Amino acid sequence: MTYFPEEVVEHIFDFVGSHRDRNTVSTVCKAWYQVERLSRRTVFVGNCYAIGPERVMARFPGINSLSVKGKPHFADFNLVPYDWGGFALPWIVAAARLCPGLEELRLKRMVVTDDGLELLARSFPNFKSLVLISCEGFSTDGLAAIATYCRGLRELDLQENEVEDHGCQWLSFFPDSCTSLVSLNFGCLKGEVNGGALERLVARCPNLRSLKLSPAVSVESLNKILARASHLVDLGTGSFAVDHRTDVYHTLMNSFPKFKSLRNLSGFWDASPCCLRAVYPVCTSLTVLNLSYAPAIQGDDLIKIICLCFKLQKLWVLDSIGDKGLAVVASTCKELQELRVFPCDIYGAGTTSVTEEGLLAVSSGCPKLNSLLYFCYQMTNAALITVAKNCPHFTRFRLCILDPGKPDPVTNQPLDEGFGAIVRSCKNIRRLSLSGRLTDQVFLYIGMYAERLEMLSIAFAGDSDKGMIYVLNGCKNLRKLEIRDCPFGDIALLKNVAKYETMRSLWMSSCDVTLGGCKALAAKMPRLNVEIINENEETYEFEENLSDRHKLEKIYVYRTVAGPRNDAPDFVWTL
Amino acid sequence: MSTTETGNSSTTESAVSGLDYEETQLTLAPPGGSRSELERKRGFSEGLGLSLETKDFLSGSSDEPPISGAGEPSAAKAQVVGWPPVRSFRRNVLKSCTYVKVAVDGTPYLRKVDLEAYAGYQQLLTALEEMFTCFTARNYPNERRLVDPVNGTEYVPTYEDKDGDWMLIGDVPWKMFVASCKRLRLMKSSEAVDLAPRTPTGCITAR
């Protein structure tokens, strides 16, 4: 290979797509490192504090696509304080200076400001795609800047962001000359939407294939949009409830049959059962259906729609579907790969919901099932063992039994054997979330069998440090470990410190690790940032005086080549 | 549903909850666990910082029986931060899913309303009025009724509470109503005679 000219090596590397593979080829020799870095077009940074933006862009000057993630995953559940960090601006500033050819930016769990969005919009003449997931810190003014300055924008995808509403005019900022949109998703916006501007925008973008509306978009507006966008592949409806005696309703009923290419349906904010009938004509070609934001749709109506969706590959629903509805999924959706069942009633006792029966049915009826997120009130070992046998192809398995620490209700045993069966049978499992009553035994199984496991989420589980140690000593591909409310302490934390440099991050909250333990970890491993998140105002004033035996509420440990970060707020101490 | 045989009454009660008294007693250990408190460094309840004396944090009514639909002691299912692991975005969209079915005597279809969407009884009744169009509200001194002007039929708004009893709307404070209402029924006045109006209290006036 050393005798090949660089262009040939570069051409060969064109076929090396995945980040991991490219990372690997770059370590072979200096020549390959050089060729690889200059020809790299896409970079993914899993932890924005693992490396500084300038260093990334100096190494890869030719990138046109950048993806960065900020806050730890548990930030989704309010466990990370609001101003912990994860700022996007340094990345935008660096890219504006060093990678002006940037075309795509994807940010997840980061703080993005309007200033940042405006800088972004003005700095990259070829900018095509902006995807923001679970971000916050910006308003519709920032969106207006994107609309104004990003000529040739193809994709604006806003998923579950906290966006401050400064008015509905941002859509009008797309100039009349903007005809390039392929994908527009603003489902997370809470404020009013300028219906006219939206309709005109859709009408002038002939390549629009994906459109996801916010709840403020009325059915009337939807009707007008649907009349102009018959090539849509992916639609997220806006509000989907209207009186069945109106003309608007009748128009809606007749809007869908003409969609030959529609494959994905979502939105359905506040959908009513009679409006849901409008989509029956397209159900037979749907591959993705998300009804998880429609609490008014009960089991029977869900069944009516699902029994038409025999090509469905991905289904997201609320647990109002019930075991009965899941049995219908099992008998109808033979192509199903991903199922997510969310809880409708988060705090209540839950009379209609799903149990192990529903999961059993789907596991036996849907042979291609490989990704599961399932919220339920109970689970049995027997069911999990059967599920493991039926579905050895799981890559993602997340089970959330709503009552923390709940055992198998039939045998009163912990769920160790059930989850053990899952990891033993599903050799390709990459992501696992555990719940229910669990002892150290389940972690022994995970350490032993889950060789491909990359992300593990644990809550209210385990008996002793041994549990965590089993995982750290096994699971050779572990990248992210997040733990809350488990009896794991310093012994577990310090048992295998080298492991943390092979992982992206470790999160532990409400466990038994102490300040002394963390200090020891930081001392042994200088290339880790050991962050202590201390929200208790009483103690952080006296940080000097805190005893080493003081138990820490939240710690976040991650490998980094950038050293301690300089943007940490007062309540975050990097040891 | 009274039983005279003492043997049966206790089984009836435990048949309802699926548990007997000992099992529903609040302890620090998770239900069904045979381990002692000492084994676990931090039990679930400790993690919550719960005090066992305050049973009323859940619903505001301290006589809430420890029976839940799942047949489990419900006190431990309180608001733990970040549990269940549902994203804030989704939580905010679904709120507490207080949709209840609304039936009207004499009509074949049901509707659903989100009780959380209304600030009080007046707004709810106005919404019901709109939903079933032709009705107009008529305020009686101690109750509210809805009238179908086409045939003059009067309807009394009633609801089924968590105990399965049918009650007149308006007796209890609004928030208590929202927490305990399972479904609504607009009952024809002629059939509502058995639901004697409660002694009027201050809380049935419009808020």
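All values reported here derive from a predicted model rather than from experimental measurement. (Residues numbered from 1 in each chain as written. Chains lettered and ligands numbered in written order. Predicted model: local features only at pLDDT ≥ 70, side-chain atom pairs only at ≥ 80, totals over all residues. Heavy atoms only, no water.)

Enquirer: Describe the environment of Val557 of chain A, and please don't skip the residues or the numbers.
Expert: Residue and element names in this part refer to chain A. By the secondary structure assignment, Val557 is in strand β22 (residues 554-559). For Val557, a relative accessible area of 2% puts it in the buried group. Filtering out sequence-adjacent residues up to four positions away, Val557 remains in contact with Arg504, Ser505, Leu506, Leu521, Leu528, Asn529 and Val530. (Helix = DSSP H or I, 4+ residues; strand = E, 2+ residues; numbered from the N terminus. Buried < 20%, exposed > 50% of the residue type's maximum accessible area, 1.4 Å probe, protein only. Contact = heavy atoms within 4.5 Å.)

Enquirer: Can you lay out a nonpolar patch on the surface for me, pointing to particular residues and giving the numbers?
Expert: Where nonpolar side chains cluster on the molecular surface, the patch consists of Phe4, Val8 and Ile12 of chain A and spans about 220 Å² of accessible area. On the secondary structure map, Phe4 of chain A appears in the segment before α1 (6-13). (Patch = residues over 30% accessible without salt bridge, like charges linked within 9 Å, V, L, I, M, F, W, Y side chains within 5 Å. Areas by Shrake-Rupley, 256 points an atom, 1.4 Å probe, with all protein chains shown as cover. Salt bridge = Lys/Arg side-chain N within 4 Å of Asp/Glu carboxyl O.)

Enquirer: Any details on the pattern of salt bridges? Residues and values, ideally.
Expert: Under the counting rule described, the total for this entry stands at 27 salt bridges over all chains. Among the salt bridges present, the one from Glu338 of chain A reaches Arg340 of chain A, with a minimum N-O distance of 2.9 Å. Glu338 of chain A sits in the buried class, given a relative accessible area of 11%. A residue is classified by how much of its surface remains accessible, and Arg340 of chain A, at 19% relative accessible area, is buried. If you follow the salt bridges from partner to partner, you end up with Asp76, Arg109 and Glu160 of chain A together with Arg87 of chain B in one network.

Enquirer: Run through the side chain of Ser363 of chain A, naming residues and quoting values.
Expert: All names here are of chain A. Turning to its location among the elements, Ser363 is positioned in helix α15 (residues 356-365). Within the local environment of Ser363, its side chain forms a polar contact with the backbone oxygen of Leu360, the two atoms lying 2.8 Å apart. Not counting residues up to four positions away in its chain, the partners in contact with Ser363 are Val387, Asn390 and Cys391. (Polar contact = N/O pair within 3.5 Å; in protein donor to acceptor, adjacent residues only side chain to side chain.)

Enquirer: Give me helix α3 (residues 30-39) of chain A: which residues, what numbers.
Expert: Those residues of α3 of chain A not exposed but buried are Trp32, Val35, Glu36, Arg37 and Ser39 of chain A. For α3 of chain A, the elements touching its buried residues are α1, α2 (19-25) and α4 (53-59) of chain A.

Enquirer: Account for the pairing of strand β7 (residues 181-188) of chain B, with residues named and values stated.
Expert: Residue and element names in this part refer to chain B. In the sheet, strand β1 (residues 99-104) pairs with β7 via 4 bridges, with the strands oriented parallel. Residue Ala103 lies in a different strand from β7, and its bridge partner there is Arg185. Sheet topology places strand β5 (residues 153-161) next to β7; 7 bridges connect them, and they run antiparallel. The partner of Glu160 across the bridge, within β7, is Arg183. (Pairing = 2+ DSSP bridges.)

Enquirer: Kindly report on empty space enclosed by the protein, identifying the contributing residues and their values.
Expert: All names here are of chain A. Per the stated rule, a full pass over the model turns up 7 cavities of 30 Å³ or more. Listed by contribution, the elements that provide at least two residues to the lining of the largest cavity are β19 (480-484) and β20 (505-509). A class-by-class count of the residues in the lining of the largest cavity yields 6 nonpolar, 5 polar and 6 charged. (1 Å grid on protein atoms, 1.4 Å probe; cavity = no way out; pocket = protein on both sides within 12 Å on 5 of 7 lines; lining within 4 Å. Points joined across faces, edges and corners; volume = space filled by probe spheres on them. Nonpolar A, V, L, I, M, F, W, Y, C, P; charged D, E, K, R; others polar.)

Enquirer: Give me the lowdown on the packing of helix α14 (residues 322-332) of chain A against α15 of chain A, citing residues and values where you can.
Expert: Residue and element names in this part refer to chain A. Relative orientation of the contacting elements α14 and α15 amounts to 0°, with a least axis distance of 8 Å. Classified by the angle their axes make, α14 and α15 are roughly parallel. Between α14, through Asp323, Leu326, Ala327 and Ala330, and α15, the contact on the second element is made entirely by Glu357, Gly358, Leu359, Ala361, Val362 and Gly365. Of the residues contributing to the contact of α14 with α15, the split by class is 6 nonpolar, 2 polar and 2 charged. (Axes fitted to C-alpha atoms, helices over the stretch in contact; angles between N-to-C directions. Parallel < 35°, antiparallel > 145°, perpendicular 65-115°, else oblique.)

Enquirer: Before we move on, can you summarise helix α8 (residues 195-203) of chain A with the specific residues and values?
Expert: It helps to recall that an α-helix has 3.6 residues per turn; residues three or four apart then point in one direction. When we look at burial in α8 of chain A, the residues that qualify are Ala197, Leu198, Glu199, Leu201 and Val202 of chain A. Against the buried residues of α8 of chain A lie β8 (183-185), β9 (210-212) and α9 (219-228) of chain A.

Enquirer: Could you give me a rundown of the side chain of Asn161 of chain A, with the residues and numbers involved?
Expert: Looking at the secondary structure, you find Asn161 of chain A in the loop between β6 (155-159) and β7 (162-164). From its side chain, Asn161 of chain A meets the backbone nitrogen of Cys135 of chain A in a polar contact 2.7 Å long.

Enquirer: Describe in detail the packing of aromatic side chains, supporting the description with residues and values.
Expert: Residues and elements named next belong to chain A. On inspection of all chains with the given rule, the structure shows 25 aromatic pairs over all chains. Pairing Phe13 with Trp32 gives two aromatic rings, centres 5.4 Å apart and planes at 75°, and the pair type is edge-to-face. In this pair, Phe13 sits in helix α1 while Trp32 sits in helix α3, placing the two residues 19 residues apart along the sequence. Side by side, Phe13 and Trp32 carry an identical accessibility label, which is buried. An aromatic cluster is defined as three or more aromatic residues linked by ring pairs; in this entry it consists of Tyr49, Phe74, Phe77, Trp84, Trp507, Tyr556 and Tyr558. The cationic tip of Arg424 hangs over the ring face of Tyr445; the distance from NZ or CZ to the ring centre is 5.3 Å. Note that Arg565 overlies the ring of Trp84, its terminal NZ or CZ placed 4.3 Å from the centroid. (Phe/Tyr/Trp six-rings, centres within 6.5 Å; stacked < 30°, edge-to-face > 60°. Lys NZ or Arg CZ within 6 Å of the ring centre and 35° of its normal.)

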